[in-house]
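# Results of the structural survey
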Amino acid sequence: MRHVLSAPQFDKAELLEILSQAAEMEKILITKGNSDMAKGKILATFFYEPSTRTRLSFETAMNRLGGKVISVSDGRSSSAKKGETVEDTMLVISGYADVIAMRSSEIGFAERASKTSRVPIINGGDGPGEHPTQSLLDLYTIQKQFGFERPLRIAFVGDLKYGRTVHSLSKILRNFDNFSVDWVAPKELDIQDEYFDPVKDRKWNELSDEVLKEADIIYMTRIQQERFDDRSEYERLKNVFILDAAKVSKMKSDAIILHPLPRVDEIATDVDALPQAKYFEQARNGVPLRMALIARALELI
Amino acid sequence: MRHVLSAPQFDKAELLEILSQAAEMEKILITKGNSDMAKGKILATFFYEPSTRTRLSFETAMNRLGGKVISVSDGRSSSAKKGETVEDTMLVISGYADVIAMRSSEIGFAERASKTSRVPIINGGDGPGEHPTQSLLDLYTIQKQFGFERPLRIAFVGDLKYGRTVHSLSKILRNFDNFSVDWVAPKELDIQDEYFDPVKDRKWNELSDEVLKEADIIYMTRIQQERFDDRSEYERLKNVFILDAAKVSKMKSDAIILHPLPRVDEIATDVDALPQAKYFEQARNGVPLRMALIARALELI
Amino acid sequence: MRHVLSAPQFDKAELLEILSQAAEMEKILITKGNSDMAKGKILATFFYEPSTRTRLSFETAMNRLGGKVISVSDGRSSSAKKGETVEDTMLVISGYADVIAMRSSEIGFAERASKTSRVPIINGGDGPGEHPTQSLLDLYTIQKQFGFERPLRIAFVGDLKYGRTVHSLSKILRNFDNFSVDWVAPKELDIQDEYFDPVKDRKWNELSDEVLKEADIIYMTRIQQERFDDRSEYERLKNVFILDAAKVSKMKSDAIILHPLPRVDEIATDVDALPQAKYFEQARNGVPLRMALIARALELI
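Sequence positions are assigned chain by chain, starting from 1 and proceeding in written order. Lettering for chains starts from A, numbering for ligands starts from 1, and both go in the order in which the items are written. Restriction of local features to residues with pLDDT of at least 70 applies here, the model being predicted, together with a cutoff of 80 or more for giving and counting side-chain atom pairs; totals for whole chains, interfaces and linings are based on all residues.

Under the DSSP-based scheme used, a helix requires at least four consecutive residues in state H or I and a strand at least two consecutive residues in state E, with every element numbered from the N terminus. Across its full length, chain A holds eleven helices and nine strands. In terms of overall dimensions, chain A has C-alpha extents of about 55 × 45 × 35 Å along its principal axes. To assign burial, the other C-beta atoms lying within 10 Å of each residue's own C-beta are counted, with C-beta atoms placed from the backbone; 20 or more indicates buried, 12 or fewer indicates exposed, and intermediate counts indicate partly exposed. Across the 301 residues that make up chain A, the buried fraction comes to 54%. What counts as a contact here is a pair of residues whose C-beta atoms, placed from the backbone, lie within 7 Å. Within chain A, counting contacts between residues at least 6 apart in sequence, those at least 24 apart form 73% of the total.

Rendered as structure tokens:
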């Protein structure tokens, strides 16, 4: 079965195939608005942990494919409260739906669900673990802008220690040899060694002019206050890593700024109208990308 | 874009056009039950504040038009909890849906949402602010019974000071010159001067026989205990403004009783079976009216 | 109107008709996956008390019939919180939908709702009262395995005193003369006299080898800790009534094990892979069974 459990499960050929299928889906959205491809099929969105954006993106994708949706969005399944295991719940839900998109705050949950499910599971985020559809839509956004031929410098900025999306995206970028990475974080939130390539990468403790000028892609993430014992340290650092229009003016004109959203104040709103701001387009790219993953799971493509 | 943000945004010509489109939609409901007009389109219902009735009415309308629905019904968006602004949330959601119906407890929320949304916003109530679709379905119910030719006396009864639906409906009725208003409220909850027309209107502090006998339309609203410092004052007044079968027997036979619902005890259940009771039909009128507004927003009509 | 309020409302002829219609629906699911039978129709699922499994099963059924769904899943209606009666709520909701499936924690709630509803009500469980669709899917599962010709011995095991599903199923089985019942429960949770047939039934205080060997059907239910004053008594008894692979090895090879789910630990997971384990298939049978009930309510069959 075509489960989607983690970003690194895909090799380069599969990644390129998925991106090409997402591009096909985007063409359908632009020319016809929707498809009847999944007519009669049901997606279950099963979100133990609420996530407006991700759930609605999956449901939009299924609706645009002509399928239907059943949904648990309230964060806790009534069955789970009665003591049912995820294995049992998924065995039952997979007797209703043709494909399941799920989220949980517990690492490895989607993997466990896939053991008993009778239909494909798509992991919509399992706590600090994986969020593969986010990484794939990040990759799709990068491909649309640059392709994978020319050398590209991507700067990951913010919370590199705990940032799930940073870890997943950086892992799948290693499938392509045209990326070198600038890791930009306060010392407390530095990237772990396993992600750092000493040959191609650089580390920074501020969002320096050099980083800004050389970056093709800046991938911003939020620094969360709860990571710091010292509140004043947080306040000081937070501002160092904010991206505003003044900083963006130093960037290349064809560089792009990405963010997994929601954005709080790590990107100033004066950036939103600049040509480099691609984070809302990035969110929209989630729809064709998830259409492709659902269609693959249903073996329609 | 055809946002629906407030009742007073529409002039008389537009109001009549909307009512006529609602009548067309009602004809479709009666003859065919549903339409394929909005096939492939998606409505997002985004309710920061829960509202069973209004949300389900919008979703029914979109389903009867042949479209699909994605929904946030749990009163708080997970994105909002993470600190995302409504402007950002709406920018993202409007990348998924073709039209958005929203509710919030915060005045001006729909207006703010409309600033960034890429698709039309329909305001499903913004706290003490506006609830335009309620006013339009009220107007549609009045038109179906009486038209706008003959002089009509409408009595607004109950909480006239805080009643959002009273304010909105009375404002749009001023587009038509055939209405005179009886304002019936305890002194504490009297109508503000800006709504009162000294030439055509009258004020009352009880639901008198004169009001009952002369009214073509009685628009009931609930008096809420929390508006009073003195509980005994509330108990005394509450009963004065209750409409029961004995009082209805004094009304004209072709007069109608409206109520935005939910009704608690301000209309006794012995009124429900009387011919003047139109409040449940009024609620049902919300479906064709909202079908018309959605179809307008999608530029299908 | 074709309300479904309680299991005993159906006589034998109606039960057989419903089961035959469920079999037709299952054939549609297997051969085509779905139908357009209910195109343009709307099911409202109105769950005052959350129930993931039952709600999703109803919604799946309606989607597989080609219809649409509007839903209140959050356990409390915002209207109810404002003081609206269920009679008023149902009058309004039945102005939107063509059929309503509802659950409440309050006994008799669906019956009350049916008094004012303009469309058929299907009871999805009213607290300690009735849960007719569960009983019907239990019966359907039994019929699929055995039919109603040969004598069958069914053992109800666990909480027979409070178990709603046990009460309902045992009542409808009395329509068929081929069943004799073994009632297996701790003394504290014994079956009431009204359900016990002294001619055909037997009572047991343990899950004995004799019961295991002779049963054609074992219907397991959970023993809840809150039923016992003495925790140690609960711990002792709980284990006596657990079904595991060792016990199942004593059963007939064509016997079946049913459970209304969720299962906690009253059936060990080592039973799941055994041929007698039918409880997940039983849950899946809820979809064609509910398709039949919805199609009947809509007078499509």
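Taken together, the contact pairs 21 residues of chain A with 19 residues of chain B. Sorting the residues of the side of chain A that touches chain B by element identifies helix H2 (52–64) and helix H11 (279–297) of chain A as the ones contributing at least two each. The element that contributes the greatest number of residues to the side of chain A that touches chain B is H2 of chain A, accounting for seven residues. Residues are sorted three ways: Asp, Glu, Lys and Arg are charged, Ala, Val, Leu, Ile, Met, Phe, Trp, Tyr, Cys and Pro are nonpolar, and all the rest, Gly among them, are polar. Partitioning the side of chain A that touches chain B into residue classes produces eight nonpolar, eight polar and five charged.

Averaged over all residues, the pLDDT of chain A is 93; the fraction at 70 or higher stands at 98%. For this predicted complex, the interface confidence reaches an ipTM of 0.94, while the overall pTM sits at 0.95. pLDDT is a per-residue confidence score from the predictor, ranging from 0 to 100.

This paragraph deals with the domain arrangement of chain A. All names here are of chain A. Each assigned domain of chain A is listed with its residue range as follows: domain 1 (7–130 + 285–297) and domain 2 (133–282). What fixes the domain bounds is an automatic or database domain assignment. Between the C-alpha centres of domain 1 and domain 2 there is a distance of 26 Å. Taken residue by residue, the interface counts 18 residues in domain 1 and 17 residues in domain 2. Looking at the side of domain 1 that touches domain 2, its residues break down into ten nonpolar, three polar and five charged.

Structural alignment of chain A on chain C gives an RMSD of 0.0 Å, achieved by rotating through 120° and translating 0.0 Å along the axis. One copy is carried onto the other by what is essentially a three-fold rotation axis. By C-alpha distance to the rotation axis, the residue of chain A lying nearest is Asp74 of chain A, at 4.2 Å. Here the copies are matched by least squares. The fit uses the C-alpha atoms of residues with pLDDT of at least 70 in both.

This paragraph deals with the relation of the copies chain A and chain B. Screw-axis analysis of chain A against chain B gives a translation of 0.0 Å along the axis, an RMSD of 0.0 Å, and a rotation angle of 120°. Here only 5% of the contact residues of chain A are again contact residues in chain B; the copies associate through non-equivalent surfaces.

So, on to the sheet that holds strand E3 (residues 99–104) of chain C. Residue and element names in this part refer to chain C. Should DSSP find at least two bridges between two strands, the strands are taken to pair. With parallel pairing, four strands are arranged side by side in an open sheet as E2-E1-E3-E4. Edge strands, defined here as strands with exactly one partner in the open sheet, are strand E2 (68–72) and strand E4 (121–126). Each strand axis lies, on average, 15° off the axis of its neighbour in the sheet, ignoring direction. For E3 and E4, the ladder comprises four bridges, and the chain directions are parallel. Bridging from a neighbouring strand, Ser104 pairs with Asp126 of E4. Angles run from 0 to 180 degrees between N-to-C directions of axes, and those axes are lines fitted to C-alpha atoms, restricted for helices to the stretch in contact.

Residues and elements named next belong to chain C. Of all ten residues that make up helix H7 (residues 164–173), nine are buried, and the element is covered over most of its length. All buried positions along H7 are accounted for by Arg164, Thr165, Val166, His167, Ser168, Leu169, Ser170, Ile172 and Leu173. Taken together, the buried residues of H7 touch helix H1 (12–31), helix H6 (132–146), strand E5 (152–157), strand E6 (179–184) and strand E8 (217–220).

All right, on to the interface of chain A and chain C then. Contact residues are listed per partner, giving 19 residues for chain A and 21 residues for chain C. Listing elements by their share of the side of chain A that touches chain C, those giving two or more residues are strand E1 (42–47), strand E2 (68–72), helix H3 (78–81) and helix H4 (86–93) of chain A. Among the residues forming the side of chain A that touches chain C, the class breakdown is eight nonpolar, six polar and five charged.

This next bit is on the environment of Val166 of chain A. All names here are of chain A. The topology assignment puts Val166 in helix H7 (residues 164–173). Distance from Val166 to Pro260, taken between C-alpha atoms, is 9.3 Å for residues 94 residues apart in sequence. Other than its neighbours up to four places away in sequence, Val166 contacts Phe156, Leu160, Tyr219 and Thr221.

All right, on to the sheet that holds strand E9 (residues 256–258) of chain C then. Residues and elements named next belong to chain C. The sheet built from five strands is open, its strands ordered E7-E6-E5-E8-E9 with parallel pairing. Of all strands in the sheet, those bounded by a partner on one side alone are strand E7 (202–204) and E9. The mean angle between the axes of side-by-side strands here comes to 20°, regardless of whether they run parallel or antiparallel. Sheet analysis places E6 next to E7, joined by three bridges and oriented parallel. Note that in E7 the partner of Trp183 across the bridge is Lys203.

This brings us to the environment of Lys161 of chain A. Residue and element names in this part refer to chain A. Structurally, Lys161 is set in the loop between strand E5 (152–157) and H7. Residue Lys161 is classed as partly exposed on the basis of its 16 C-beta neighbours within 10 Å. A C-alpha to C-alpha distance of 23 Å links Lys161 and Gln282, two positions 121 residues apart in sequence. Here Lys161 is in contact with Leu189 and Asp190, once residues within four sequence places are set aside.

Quick look at the pairing of strand E1 (residues 42–47) of chain C now. All names here are of chain C. Along E1, six of the six residues are buried, which leaves the element largely enclosed by surrounding structure. Alternating positions in E1 separate into two faces, Ile42, Ala44 and Phe46 on one and Leu43, Thr45 and Phe47 on the other, with burial throughout. Pairing of E1 with E2 involves five bridges; the strand directions are parallel. Across the sheet, residue Ala44 finds its bridge partner in E2, namely Ile70. Following the chain from E1 across helix H2 (residues 52–64) to the adjacent parallel E2, one finds a crossover that is right-handed. Viewed with both strands pointing away, a crossover whose connecting path from the first strand over the helix to the second turns clockwise is right-handed.

Moving on, we get to helix H6 (residues 132–146) of chain A. All names here are of chain A. Expected span, for any helix, means 1.5 Å times one less than how many residues it has. Relative to the 21 Å expected for 15 residues at 1.5 Å per residue, H6 spans 21 Å between its end C-alpha atoms, a close match to the ideal helical length. Counting buried positions along H6 gives eleven out of 15 residues, so the element sits mostly inside the fold. The elements touched by buried residues of H6 are helix H1 (12–31), strand E4 (121–126), H7, strand E8 (217–220), strand E9 (256–258) and H11. In the stretch just after H6, Gly147 is the one whose phi turns positive, near 70°.

Residues and elements named next belong to chain B. Between helix H2 (residues 52–64) and helix H11 (residues 279–297), the shortest axis-to-axis distance is 8 Å and the interhelical angle comes to 55°. It follows that H2 is oblique to H11 by the angle criterion. With respect to the hand of their crossing, H2 and H11 are arranged in right-handed fashion. Contacts between H2 and H11 involve Arg53, Ser57, Phe58, Thr60, Ala61, Met62 and Arg64 from the first element and Ala283, Gly286, Val287, Arg290, Met291 and Ile294 from the second. By residue class, the composition of the contact of H2 with H11 is seven nonpolar, three polar and three charged. Angle categories are assigned with fixed cut-offs, so that under 35 degrees is roughly parallel, over 145 is roughly antiparallel, 65 to 115 is roughly perpendicular, and the rest are oblique. Each crossing gets its handedness from the near helix: less than a right angle anticlockwise from the far helix is left-handed, clockwise is right-handed.

If a strand is regular, its side chains alternate between the two faces of the sheet. Residue and element names in this part refer to chain A. By the criterion of burial, strand E3 (residues 99–104) is predominantly enclosed, with six of the six residues buried. Burial along E3 is two-sided: the residues Val99, Ala101 and Arg103 and Ile100, Met102 and Ser104 are all buried. Examined bridge by bridge, E1 and E3 share five bridges and lie parallel to one another. Looking at E3, one finds that Phe47 is bridged to Arg103. The parallel pair E3 and E4 is bridged by helix H5 (residues 109–116), and the resulting crossover is right-handed.

Most peptide bonds take the trans configuration, and most residues that are not glycine carry a negative phi. Residues and elements named next belong to chain A. Of the consecutive residues Leu261 and Pro262, the connecting peptide bond is found in the cis state with omega at 0°. The residue Pro262 is located in the loop between E9 and H11 in this model. Even without a glycine there, the phi angle at Leu261 is positive, about 60°. Judged by the 24 C-beta atoms lying within 10 Å of it, Leu261 is buried.

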